[in-house]
Amino acid sequence: MTDDKPGAESVVGGALQESIHYHGRKAARAKSETRRRKILEAALEIAAHEGVRGIKHRPVAKLADVPLASTTYYFKDIEELIQDAFMLFAEKANRELEAFYSGLNGLIDRALVRGSLHSLQGRERLAAELATYIAQYFVQQIRDNTSSVLTEQAFLAEAMREPGLEPLAQEYRKAWLDGVESIMKRLGTHHPRRDAALLISVVSGMGYDGLLFRERFSTSFVEETLQRVIGMLMGVAPAGGEVSAPETGNLNGTLY
């Protein structure tokens, strides 16, 4: 059954927010907090360009334009600095997640008001609207917020090797899964958790291509692919429908 009540409460972000705990020295004054924040922002920038292993006291201090002693004052070692940098990243991402899922839920709310989820045509329309919204957001992140996307990938990869980052990385991924699962429940799919995992896997896979091909990464291909997947999960995928294949033979053309 679909959720027939507009404005279903979003479950995303709660557990993730509860997992965000900074470990470094707390700032007692506003000026001190500004300096600490600059150090963490510099660490995130380095992670985006050089990976997490590139975060070192000296380059972080130089990029943040603070004395070298400041990094060791606020953070007892480089591991603590890296962990708190990921905490800051997760805190920012948590706000974006809430806004993203709010937009998706808004589309479902309007469909419910129209009574669209009870007809094949209405469900096809909603699948297309959701695909458009996700594709535009996704491609915009790849093209205009590349540093954040690269930072995310760097921290998640490092979490596979660094136990200190693992719990927050797990909550970060779980927040995505919980949010998509709540959407799948509202859409009335048969296996919301598994359907959410499938959709996230599709988007994540396209994300790697997006980072590799950037400007040749086509919004239309992403939208068509998502519409096909979402439609399939909603039981409205057109039989025998085709999605445009990548133009891999022309390196000067559009890959997607």
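Small disclaimer: the values here were computed from a predicted structure and weren't measured.

Colleague: Give a description of the packing of aromatic side chains that names residues and reports values.
Modeller: Scanning all chains against the criterion turns up 11 aromatic pairs. Measuring from ring centre to ring centre gives 4.9 Å for tyrosine 73 and tyrosine 74, while their planes differ by 85 degrees; the resulting arrangement is edge-to-face. For tyrosine 74, a relative accessible area of 4% gives the class buried. Their ring planes at 70 degrees and their centres at 5.2 Å tell us that phenylalanine 100 and tyrosine 101 sit as a pair that is edge-to-face. Take phenylalanine 100: its relative accessible area is 6%, and that puts it in the buried class.

Colleague: Can you tell me about the environment of serine 218, naming the residues and giving the values?
Modeller: Its place among the elements puts serine 218 in the loop between helix 9 (192-213) and helix 10 (219-233). Measuring from C-alpha to C-alpha, the distance between serine 218 and alanine 135 comes to 9.4 Å, with 83 residues separating the pair along the chain. A polar contact of 2.7 Å, which involves the side chain of serine 218, links it to the side chain of serine 220.

Colleague: Quick one: what's the story with the nonpolar core, residue by residue and with numbers?
Modeller: Counting residues in each nonpolar core, the largest one holds 74 residues, and the members touching the most others are Ile55, Leu81, Leu126, Phe155, Leu226 and Ile230. Within the residue set of this core, elements represented by two or more residues are helix 2 (30-50), helix 3 (57-64), helix 5 (78-114), helix 6 (120-144), helix 7 (146-159), helix 8 (166-187), helix 9 and helix 10.

Colleague: Outline helix 5, listing residues and values.
Modeller: Its 37 residues give helix 5 an end-to-end C-alpha distance of 54 Å, which sits within 8% of 54 Å, the value for a rise of 1.5 Å per residue. Burial runs high along helix 5: 26 of the 37 residues are buried. Of the residues that open helix 5, the one with a side-chain oxygen 3.3 Å from the backbone nitrogen of glutamate 79 is aspartate 77. Phi turns positive one or two residues past the end of helix 5, at glycine 115, with a value near 75 degrees.

Colleague: Before we move on, can you summarise a positive patch on the surface with the specific residues and values?
Modeller: Side chains of Arg29, Lys31, Arg35 and Lys38 sit close together on the surface and give a patch of like positive charge. You can see arginine 35 is positioned in helix 2.

Colleague: Summarise the packing of helix 5 against helix 8; cite the residues concerned and give the values.
Modeller: Contact geometry of helix 5 with helix 8 gives a least axis separation of 11 Å together with a crossing angle of 5 degrees. Relative to helix 8, the element helix 5 lies roughly parallel. Among the residues forming the contact of helix 5 with helix 8, the class breakdown is 19 nonpolar, two polar and two charged.

Colleague: An account of the packing of helix 6 against helix 10 is requested, with residue identities and associated values reported.
Modeller: Helix-helix packing: each pair is described by the crossing angle between the helix axes and the interaxial distance. Where helix 6 meets helix 10, the closest approach of the two axes is 8 Å, and the angle between their N-to-C directions is 140 degrees. By the criterion of interaxial angle, the relationship of helix 6 to helix 10 is oblique. Judged by the sense of rotation from one axis to the other, the crossing of helix 6 with helix 10 is right-handed. Across from Ala127, Ala128, Leu130, Ala131, Thr132, Ile134, Ala135, Gln136, Phe138, Val139 and Arg143 in helix 6, the residues of helix 10 making contact are Thr219, Val222, Glu223, Leu226, Gln227, Ile230 and Gly231. A class-by-class count of the residues in the contact of helix 6 with helix 10 yields 11 nonpolar, five polar and two charged.

Conventions used here
Residues numbered from 1 in each chain as written. Predicted model: local features only at pLDDT ≥ 70, side-chain atom pairs only at ≥ 80, totals over all residues. Heavy atoms only, no water. Phe/Tyr/Trp six-rings, centres within 6.5 Å; stacked < 30°, edge-to-face > 60°. Buried < 20%, exposed > 50% of the residue type's maximum accessible area, 1.4 Å probe, protein only. Helix = DSSP H or I, 4+ residues; strand = E, 2+ residues; numbered from the N terminus. Polar contact = N/O pair within 3.5 Å; in protein donor to acceptor, adjacent residues only side chain to side chain. Core = buried A, V, L, I, M, F, W, Y, C linked by side-chain atoms within 4.5 Å. Expected span 1.5 Å × (residues − 1). Patch = residues over 30% accessible without salt bridge, like charges linked within 9 Å, V, L, I, M, F, W, Y side chains within 5 Å. Areas by Shrake-Rupley, 256 points an atom, 1.4 Å probe, with all protein chains shown as cover. Salt bridge = Lys/Arg side-chain N within 4 Å of Asp/Glu carboxyl O. Lys, Arg positive; Asp, Glu negative; His and termini not counted. Charge placed at Lys NZ, Arg CZ, Asp CG, Glu CD. Axes fitted to C-alpha atoms, helices over the stretch in contact; angles between N-to-C directions. Parallel < 35°, antiparallel > 145°, perpendicular 65-115°, else oblique. Nonpolar A, V, L, I, M, F, W, Y, C, P; charged D, E, K, R; others polar. Left-handed = near helix turned anticlockwise from the far one by under 90°. Contact = heavy atoms within 4.5 Å.

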